[in-house]
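# Structural overview for review
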Number of protein chains: 2
Amino acid sequence: MTTVGILGGGQLGRMLALAGYPLGLRFRFLEPAADAPAGHMAEHTRAGYDDPATLDAFAAGLDLISYEFENVPVAAARQLAARVPVYPPPQALEAAQDRVAEKSFFQSLGIATPPFAAVGTPAELDAALVRIGLPAVLKTRRLGYDGKGQFVLRAREDAAAAWATLGGSPLILEGFVRFARELSIVAARGRDGAIACYPLAENYHRDGILRLSLAPAPGGTPALQAAAERIATQALEALDYVGVLAIELFQVEEPASAAPALLVNEMAPRVHNSGHWTIEGAETSQFEQHLRAVLGLPLGSAAARGHAAMVNLIGAWPDPAAVLAVPGAHLHLYGKAPRAGRKLGHITVRADSPAALEAPLQAILALVAASEQG
Amino acid sequence: MTTVGILGGGQLGRMLALAGYPLGLRFRFLEPAADAPAGHMAEHTRAGYDDPATLDAFAAGLDLISYEFENVPVAAARQLAARVPVYPPPQALEAAQDRVAEKSFFQSLGIATPPFAAVGTPAELDAALVRIGLPAVLKTRRLGYDGKGQFVLRAREDAAAAWATLGGSPLILEGFVRFARELSIVAARGRDGAIACYPLAENYHRDGILRLSLAPAPGGTPALQAAAERIATQALEALDYVGVLAIELFQVEEPASAAPALLVNEMAPRVHNSGHWTIEGAETSQFEQHLRAVLGLPLGSAAARGHAAMVNLIGAWPDPAAVLAVPGAHLHLYGKAPRAGRKLGHITVRADSPAALEAPLQAILALVAASEQG
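Residues numbered from 1 in each chain as written. Chains lettered and ligands numbered in written order. Predicted model: local features only at pLDDT ≥ 70, side-chain atom pairs only at ≥ 80, totals over all residues. Heavy atoms only, no water.

### Observations concerning the interface of chain B and chain A
Often, the extent of an interface is quoted as the loss of accessible area upon association of its parts. The partner chain A presents 30 residues to the 30 residues of chain B that form the contact. Roughly 2,700 Å² of surface becomes buried between chain B and chain A when both sides are summed, with 54% attributable to carbon and sulfur atoms. The tally of links between chain B and chain A comes to 4 salt bridges. The residue A:R26 makes a salt bridge to B:D35 at a minimum N-O spacing of 3.4 Å. On the surface where chain B and chain A come into contact, there are 14 residue pairs in polar contact (both at pLDDT 80 or more). Among the elements that take part in the side of chain B that touches chain A, strand β16 (residues 329-333) of chain B stands out by supplying 5 residues, more than any other. Here the residues of the side of chain B that touches chain A sort into 16 nonpolar, 5 polar and 9 charged. (Contact = heavy atoms within 4.5 Å. Buried area = accessible area lost by both parts, 1.4 Å probe. Salt bridge = Lys/Arg side-chain N within 4 Å of Asp/Glu carboxyl O. Polar contact = N/O pair within 3.5 Å; in protein donor to acceptor, adjacent residues only side chain to side chain. Helix = DSSP H or I, 4+ residues; strand = E, 2+ residues; numbered from the N terminus. Nonpolar A, V, L, I, M, F, W, Y, C, P; charged D, E, K, R; others polar.)

Pasting the structure below:
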């Protein structure tokens, strides 16, 4: 019986366990929160990630350790890796935890990113604004997620307020890219180096939080998919990565040519919200794929099964009976208590054609919008 | 938070929980075995079904109770139903637990079954053999499953040996039907009376244990499906049933006409092994469908998604890496220790056409056969 340890016990961990039980796996989660989504259906060690003795006790008897959020302390991952195989490799955590290191990593591979500059002082912020121009986004280099720790600058005069809000942490100023749309690619690399890439998803955010993913991305071309897969493959190989990696992309229209270009926004060294559609919409879900990869099992097919839309449930959820009455709708609740701005679940709608997806998706979007107002 | 209690903690319970967590449900299992498949990922009350105080304690705080095996004592189900809604209704348990009551139930609806007679004494066995003819099968009326508690009689002289083996329990003699093939239909009825029927599955048994299901059943016609759905609908309505019901059928060629006829072999008032293919092969799995039904949620579509074959893993399982390398193969292990004759898991192979299913199914059958010999 193989037991997998997971650092973090949120919904991503929960969905990893749901995908892993059919493979005969057992799970143990390390998560400080008492009422963690993954704790409802697996062994739960309630503790943080900083105490070496806790980490040793957690690792005892585990066959493998992975993680479900990217802000695991790298030191903890390295300590665990000395006892038990840890995948994805800690160097991927390190590259993903610092927005400057992350963008520098992609640029070192010749992959385009939005313009950026590290900012440590008000003077550096002023200099960066001159170089990068406006509008721009000032972000903390570390620990930002779902739009937290960000300040949009639209005029030079915003610099003081931005600094007042975020100054004190190491920061990054990013050029505000006029993108045509946001895409993401979820890809996996096995222990043997095999790579499988899912079709691109098109993502819609509001207030910095993912609201809707459409997959395969509407209007995607083989050339666009190939461009995204080249980026994913380069990153996976450069990091000697094992597991699922998600890369968020901006698609921009190049003025000088007809070809669309992709810029890397950021990566997540884990299963990703924009890949939840794969549970019903792909031959192999991203959760099973991650487990296959880290366990050294063959990767599954990443091909789409029809067309899917994933709608996040933020702060509230609609009546399950109404959701389940919509043809092709699949409800995923995470067992979390409602709280404003919190990801409580998602709904995936799947159909055999984009046209057949339209009506049920509109029905779900209306239910979700009503629940958010109610 | 809705908490569902399940009587029994085997693989069917485990798969119910795996389907129910995404609906935001919690689970509590009542199961005497220590290392139960469902106990790995849900609350597990380790006790039997006969002690009223245990049943009361188990029911406390539950919103609903269902069961995952049909040999739950009816008295236990009735005691629980006085406190908490119990679905499917205890009268369905009662009808399914006694092979004579079960066949009489179908005959009372005008639905054909193989010829049968209740047998309580050697003289009754002799009389039944005269009436029903040879070959015939003597079975215990209660508690038989997977071919256990059965004796095939091929000659009148076998009667003594059959009686010696099974005599003492209430018995049934069933005529040995020369069927063209074995089919099953899995159907669900909601609290509101809505009914959804899955496509027929074709089933292959060996040593009395299901080995392989193909769904939708190859060569099935709309008329055959409609005939099976009429049987399922009559049974569901007559029992005022709520939940998933499986009915095993024999398809026989009527000599007098071109139309194939269906005889009911038996029913199971629960999710069923011949419906496991629905996890990947149908829009809604039988496990989610059962939970939708008993919770009073709308039933999901029972339509097939392509073509599926489900292969049981009996007593052993092949190397997971070899299984997962087969395109379209999905592994389901139940977390059970290997033992001869024990259902340890299943593999579903899914493809978009029967032709595309052929090669991966043959590959899986070869792996499974080798594992059984090794």
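### Describing the pairing of strand β13 (residues 243-253) of chain B
All names here are of chain B. When you tally the buried positions in β13, you get 10 out of 11 residues, the bulk of the element. As defined by bridge partners, strand β9 (residues 181-189) adjoins β13 across 9 bridges and the pair is classed as antiparallel. Bridged to E182 within β13 is F250. (Buried < 20%, exposed > 50% of the residue type's maximum accessible area, 1.4 Å probe, protein only. Pairing = 2+ DSSP bridges.)

### Remarks on the packing of helix α2 (residues 52-59) of chain B against helix α3 (residues 74-81) of chain B
Residue and element names in this part refer to chain B. Running from amino to carboxyl end, α2 crosses α3 at an angle of 45°, the nearest separation of the two axes being 10 Å. Considered as vectors, α2 and α3 are oriented oblique to each other. The way α2 lies across α3 gives a crossing that is right-handed. Contact residues: P52, L55, D56 and A59 in α2; A76, Q79 and L80 in α3. Residue classes in the contact of α2 with α3 are distributed as 5 nonpolar, 1 polar and 1 charged. (Axes fitted to C-alpha atoms, helices over the stretch in contact; angles between N-to-C directions. Parallel < 35°, antiparallel > 145°, perpendicular 65-115°, else oblique. Left-handed = near helix turned anticlockwise from the far one by under 90°.)

### Quick word on the packing of α3(B) against helix α4 (residues 90-97) of chain B
Residue and element names in this part refer to chain B. At their nearest, the axes of α3 and α4 sit 9 Å apart, and the two run at 175° to each other. On the basis of the axis angle, α3 is roughly antiparallel to α4. Touching V74, A77, R78 and A81 of α3 are P90, Q91, L93, E94 and Q97, all from α4. Classifying every residue of the contact of α3 with α4 gives 5 nonpolar, 2 polar and 2 charged.

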